[in-house]
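Remarks on the overall topology
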Amino acid sequence: IYTSTRIPAEAGMAADLFAANLPGGVSVRLPLVTPITSASTEQHPPSFPRQSPGELDRTTRLADAIIAWNVFQHFYPNFDVVRIDWFSQLRPALMGAATAPDAMAFRVVLARLITALADGHGGVDGPGALEFLPVDWAWIENRLVVLAAAPGLGLSAGDIVTAIEGRDGAGLLDERETLVSDATPQWKRWRSIQLVKRGPVGSSAILTVQRSHGASLNVTVRRVPFAETQAVKPPQLEPLAAPALGIFYVDLTRIGDRDLENVWPQLARAKGLIFDIRGYPRGVTQDFLTHLTDRT
């Protein structure tokens, strides 16, 4: 559903030019058909002067804010659900774009614009390379709890992170959440605990942790490339498992419809079913829901 198709057209028709009067005595004349400038059928995009990731000039920032706002204004399908006054978001975005001192500050401006949509699919990233703390953690019973960590860090599963760089962990997460677009508070919190892992290449973070026996200590953790963090995960059950007699566990993020077809007779006889959907389903479709109801 996310596709863009270039359609050959004959230029020179009156309908090829869109013209309109705008407020303040300004008018627009916009070509809707672009001539092909080479013998091939591929159109070459115009070239623009390149800027370094940390140097976005005022004109570029304003243009970016205008483009971002208009993409949603004309193509976002869920305004009937979120019911936001999108026009009211334009002026703050333009003001922020005009005054942002650098690209990092401008990213915050765009993030606040997208956050107003309260849509978990929306986000802003860049500029520059980032690295990540090699720690897997989760928000459990109102505390940031370590689930797994890279070897040699001095962290263990069950450690509670009470502060990051001397700042209260919960307060830091609350701050990050102001830049997270979400449809649910659970997604906002999950995204925020991922964001606090990020930092400049070669940077470190001092984590204040509380051990299960009550002792508190500071642990310095160096950030690493994202690929190196993928192996840092807590132990998992098999995608299809029976952790107790008559109880079946199904991880919907690691199986597909065909896997389920082979075990439905067993699942139908189970005393209890656990469907784990803490990740993002990729191989299973909504068809599995038909086994859980007798109504349309």
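**What about the environment of Ile 114?**
For Ile 114, the location among the structural elements is in helix 4 (residues 103-115). Residues Ile 114 and Val 209, spaced 95 residues apart in sequence, show a C-alpha to C-alpha distance of 33 Å. Those residues in contact with Ile 114 that sit more than four places away from it in its chain are Phe 72, Gly 122, Gly 123, Val 124 and Ser 181.

**Comments concerning the nonpolar core**
Val 135, Trp 137, Leu 155, Ile 164, Leu 207 and Val 221 are the most contacted members of the largest nonpolar core, which has 21 residues in total. Listed in part, the 15 residues of the second largest apolar core include Ala 68, Trp 69, Phe 72 and Ile 114.

**Notes on the sheet that holds strand 13 (residues 272-276)**
Read from one edge to the other, the open sheet built from 3 strands follows the order 11-12-13, with strand pairing classed as mixed. Strands with a single pairing partner mark the edges of an open sheet, and in this sheet they are strand 11 (240-244) and strand 13. The mean angle between the axes of side-by-side strands here comes to 25°, regardless of whether they run parallel or antiparallel. Across 5 bridges, the pairing between strand 12 (residues 247-251) and strand 13 is parallel.

**Some thoughts on the side chain of Glu 177**
Locating Glu 177 in the fold gives a position in helix 5 (residues 169-177). Residue classification places Glu 177 among the buried residues on the basis of a relative accessible area of 13%. Looking at Glu 177, its side chain comes within polar contact range of the side chain of Arg 189, at 2.4 Å. Residues within four places of Glu 177 in sequence aside, it is in contact with Lys 188, Arg 189 and Ser 192.

**Description of the pairing of strand 10 (residues 216-222)**
In terms of strand pairing, strand 9 (residues 204-210) meets strand 10 through 7 bridges, oriented antiparallel. Residue pairing in the sheet places Ala 205 in a bridge with Val 221 of strand 10. In textbook terms, the turn of a hairpin is the stretch between consecutive antiparallel strands, and for strand 9 and strand 10 this stretch comprises 5 residues, one of which, Gly 214, has a positive phi near 100°.

**Some thoughts on the pattern of salt bridges**
Going through the model one piece at a time under the given rule, you end up with 11 salt bridges. Of the charged contacts, one joins Glu 141 and Arg 143 as a salt bridge, the two residues approaching to 3.9 Å between their closest N and O atoms. Taking relative accessible area as the criterion, Arg 143 reaches 39% and is therefore assigned partly exposed. Salt bridges linked by common partners bring Arg 107, Asp 125 and Arg 198 together as one network.

**Some thoughts on the packing of helix 3 (residues 90-99) against helix 4**
Axis separation between helix 3 and helix 4 bottoms out at 9 Å; the angle between their running directions is 175°. Judged by the inter-axis angle, helix 3 sits roughly antiparallel to helix 4. Contacts between helix 3 and helix 4 involve Ala 93, Gly 96 and Ala 97 on the former and, on the latter, Phe 106, Val 109 and Leu 113.

**Comments concerning the confidence of the model for the protein**
Chain-level statistics for the protein give a pLDDT mean of 88 and a share of 91% at 70 or above. Predicted confidence in the protein is weakest over helix 2 (residues 79-82), with a mean pLDDT of 88, and strongest over helix 3, with 97.

**Focus on the packing of helix 1 (residues 58-75) against helix 3**
The geometry of helix 1 relative to helix 3 is characterised by a closest axis approach of 8 Å and an angle of 160° between their N-to-C directions. With respect to helix 3, the element helix 1 is oriented roughly antiparallel. Crossing geometry of helix 1 relative to helix 3 is assigned as right-handed. Residue-level inspection shows Arg 58, Arg 61, Leu 62, Ala 65, Ile 66 and Trp 69 of helix 1 in contact with helix 3, the latter providing Leu 90, Ala 93, Leu 94, Ala 97, Ala 98 and Thr 99. The residue makeup of the contact of helix 1 with helix 3, split by class, is 9 nonpolar, 1 polar and 2 charged.

**Comments concerning the packing of aromatic side chains**
Under the definition given, this model contains 9 aromatic pairs. With 6.3 Å between their ring centres and 5° between their planes, Trp 69 and Trp 86 make a pair best called stacked. One end of the pair, Trp 69, is in helix 1; the other, Trp 86, is in the loop between helix 2 and helix 3, and 17 residues separate them in sequence. Trp 86 shares its class with Trp 69; the two are buried. Measuring from ring centre to ring centre gives 5.3 Å for Trp 69 and Phe 87, while their planes differ by 65°; the resulting arrangement is edge-to-face. Of this pair, Trp 69 sits in helix 1 while Phe 87 sits in the loop between helix 2 and helix 3; the two residues are 18 residues apart in sequence, bridging distant segments of the chain.

Analysis parameters
- Residues numbered from 1 in each chain as written.
- Predicted model: local features only at pLDDT ≥ 70, side-chain atom pairs only at ≥ 80, totals over all residues.
- Heavy atoms only, no water.
- Helix = DSSP H or I, 4+ residues; strand = E, 2+ residues; numbered from the N terminus.
- Contact = heavy atoms within 4.5 Å.
- Core = buried A, V, L, I, M, F, W, Y, C linked by side-chain atoms within 4.5 Å.
- Buried < 20%, exposed > 50% of the residue type's maximum accessible area, 1.4 Å probe, protein only.
- Pairing = 2+ DSSP bridges.
- Axes fitted to C-alpha atoms, helices over the stretch in contact; angles between N-to-C directions.
- Polar contact = N/O pair within 3.5 Å; in protein donor to acceptor, adjacent residues only side chain to side chain.
- Salt bridge = Lys/Arg side-chain N within 4 Å of Asp/Glu carboxyl O.
- Parallel < 35°, antiparallel > 145°, perpendicular 65-115°, else oblique.
- pLDDT = per-residue confidence, 0-100.
- Left-handed = near helix turned anticlockwise from the far one by under 90°.
- Nonpolar A, V, L, I, M, F, W, Y, C, P; charged D, E, K, R; others polar.
- Phe/Tyr/Trp six-rings, centres within 6.5 Å; stacked < 30°, edge-to-face > 60°.

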